[in-house]
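Observations on chain architecture
Listed below are the residues making up each chain.
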Amino acid sequence: MMNLESIPIQAFLIISSSLFCIGIWGLLNSRNAVRVLMSIELMLNAVNINLMAFSSYVDNNLIQGQVFTIFVITVAAAEAAVGLAILLSLYRNRVTVDMESFNLLKW
Amino acid sequence: MSIAITTQIICFTVLSSVVIIGALGVVLLESIVYSAFLLGGVFMSVAGLYLLLNASFVAAAQVLVYVGAVNVLIIFAIMLVNKKEDLKPVNAIKSRRIISTSICLTLLSLLIRVDLTQVWNLSNPQDSIGEESTIRIGEHLFSDYLLPFEVASVLLLMAMIGAIVLARRDVMSKDISTGLPVDQELIEKTSEPLLTNKN
């Protein structure tokens, strides 16, 4: 085994990249609207891991990345609340959560 | 971080495999309820990764906000809209799936290539403030990030009011046209859905 002093930053970056791509795949391929919201949360978490890794390895004295992560968590909470409220009112009008039937804004 | 490097590597391996396998389960599993609970596991493991990065405050915030609020909200949404429905077949779903999978794999390989080839300008581990990060975050929030901090509170208020307005049911005590008191049972009855026939 390699003689390491700490976990390399690349390991965190690869985890975050994989999580982001899984999130994009879920966003593009889900038919259930709740699963689309979950995929968005996965992508936000991937971005947070990235910010935290850079904050710890590149900027370990000022840790501005951690402050950014706090703000991202705040915005994600607001996004989840509004997204689920939109989903509920859509469900009330259309009685489905199938993404393919939400074509109100289509020409 | 005062833990031995071997312990750190073991923790990192376990947490990252839980993150990746859990995320795959979230997007691939048939049952949406399993997906929601796996999402909670993914959030907890991400909090563990934050602990490995010396960020105890952000890890606690992650557990409180994501597991405690967002995940519970998602489970509530599943309970409110959980109806077995047969999805209508959509044309060209197979080619769409192939195209999106190849796009995701291409993006993943690109990102991993950048991660591995880029030489990062790492700072000296001796400068690390380590466990005092909570104090430093507090200093940031009340000095150079004060304006975003206050704007975030306004954003949360707007999101709360917006969510209430969007999700409420219009409950009236009197019928508008007749003036008679409304039979409260009617509120829970299924109304004629708008626009369902227009596909």
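See the structure above.
Along each chain, the written sequence defines residue order, and numbers are assigned to residues from 1. Here chains are named by letter from A upward and ligands by number from 1 upward, in the order in which they appear as written. Residues qualify for local features only when their pLDDT is at least 70, as the model is predicted, and side-chain atom pairs are given and counted only at 80 or more; totals for whole chains, interfaces and linings, by contrast, use all residues.

Concerning the overall build of chain A
Worth spelling out the cut-off: In this text, helices come from DSSP runs of H or I with a minimum length of four residues, and strands from runs of E with a minimum of two, each type numbered from the N-terminal end. Radius of gyration: C-alpha atoms only; globule rule: 2.2 Å multiplied by the number of residues to the exponent 0.38. Once C-beta atoms are placed from the backbone, any two residues with those atoms within 7 Å are in contact.
For chain A, the helix and strand inventory stands at three helices and zero strands. Each helix and strand of chain A, ordered N terminal to C terminal, gives the series α-α-α. The C-alpha atoms of chain A give a radius of gyration of 18 Å, which is well past the 13 Å a tight globule of 107 residues would have. Viewed in the frame of its principal axes, chain A has a C-alpha envelope of about 60 × 30 × 25 Å. When contacts within chain A are restricted to residue pairs at least 6 apart in sequence, those whose partners lie at least 24 apart make up 52%.

A word on helix H5 (residues 133–141) of chain B
Quick reminder of the rule: With C-beta atoms placed from the backbone, a residue is labelled by how many other C-beta atoms lie within 10 Å of its own: buried for 20 or more, exposed for 12 or fewer, partly exposed between the two. This arc is built from the directions going out from the helix axis to the C-beta atoms.
Looking at H5 of chain B, one finds that the buried residues are Ser133, Ile137 and His140 of chain B. Here the buried residues of H5 of chain B occupy an arc of 60° about the axis, which is enough to place them on one side. Exposed residues lying more than 90 degrees from the buried face of H5 of chain B are Ile135 and Gly138 of chain B. Packed against the buried residues of H5 of chain B are helix H3 (64–94) of chain A together with helix H3 (56–81) of chain B.

So, the interface of chain B and chain A
How we decide: Any residue outside Ala, Val, Leu, Ile, Met, Phe, Trp, Tyr, Cys, Pro, Asp, Glu, Lys and Arg is labelled polar, Gly included; the first ten of those are nonpolar and the last four are charged.
Contacts between chain B and chain A engage 76 residues on the former and 71 residues on the latter. Sort the elements by how many residues they give to the side of chain B that touches chain A and H3 of chain B lands first, with 12 residues. Within the side of chain B that touches chain A, the residues separate by chemical class into 55 nonpolar, 15 polar and six charged.

Looking at unusual backbone geometry
For Ile63 of chain A, which is not glycine, the phi dihedral falls at a positive 40°. Checked against the element boundaries, Ile63 of chain A lands in the loop between helix H2 (33–57) and H3. In this structure Ile63 of chain A comes out as buried when scored by C-beta crowding, with 27 C-beta atoms within 10 Å. Positive phi, normally seen in glycine, also occurs at Asn54 of chain B, with a value near 65°. Among the structural elements, Asn54 of chain B can be located in the loop between helix H2 (32–52) and H3.

Thoughts on the packing of helix H1 (residues 9–29) of chain A against H2 of chain A
Residues and elements named next belong to chain A. Heads up, the condition is: In this description, a line fitted to the C-alpha atoms serves as the axis of each element, helices being fitted only across the stretch in contact, and the angle between N-to-C directions of two axes falls anywhere from 0 to 180 degrees. These descriptions rest on fixed angle ranges, namely under 35 degrees for roughly parallel, over 145 for roughly antiparallel, 65 to 115 for roughly perpendicular, and the rest for oblique. Left-handed describes a crossing whose near helix is turned anticlockwise from the far helix by less than a right angle; the clockwise case is right-handed.
Direction vectors running N to C along H1 and H2 enclose 165°, while the axes themselves pass 8 Å from each other. The orientation of H1 relative to H2 falls into the category roughly antiparallel. Two packed elements cross with a definite hand, and for H1 against H2 that hand is left-handed. Listed contacts from H2 to Ile9, Phe12, Leu13, Ile15, Ser16, Leu19, Phe20, Ile22, Gly23, Ile24, Gly26 and Leu27 of H1 are Arg35, Val36, Ser39, Ile40, Leu42, Met43, Asn45, Ala46, Ile49, Asn50, Ala53 and Tyr57. Residue composition of the contact of H1 with H2, grouped by class: 17 nonpolar, six polar and one charged.

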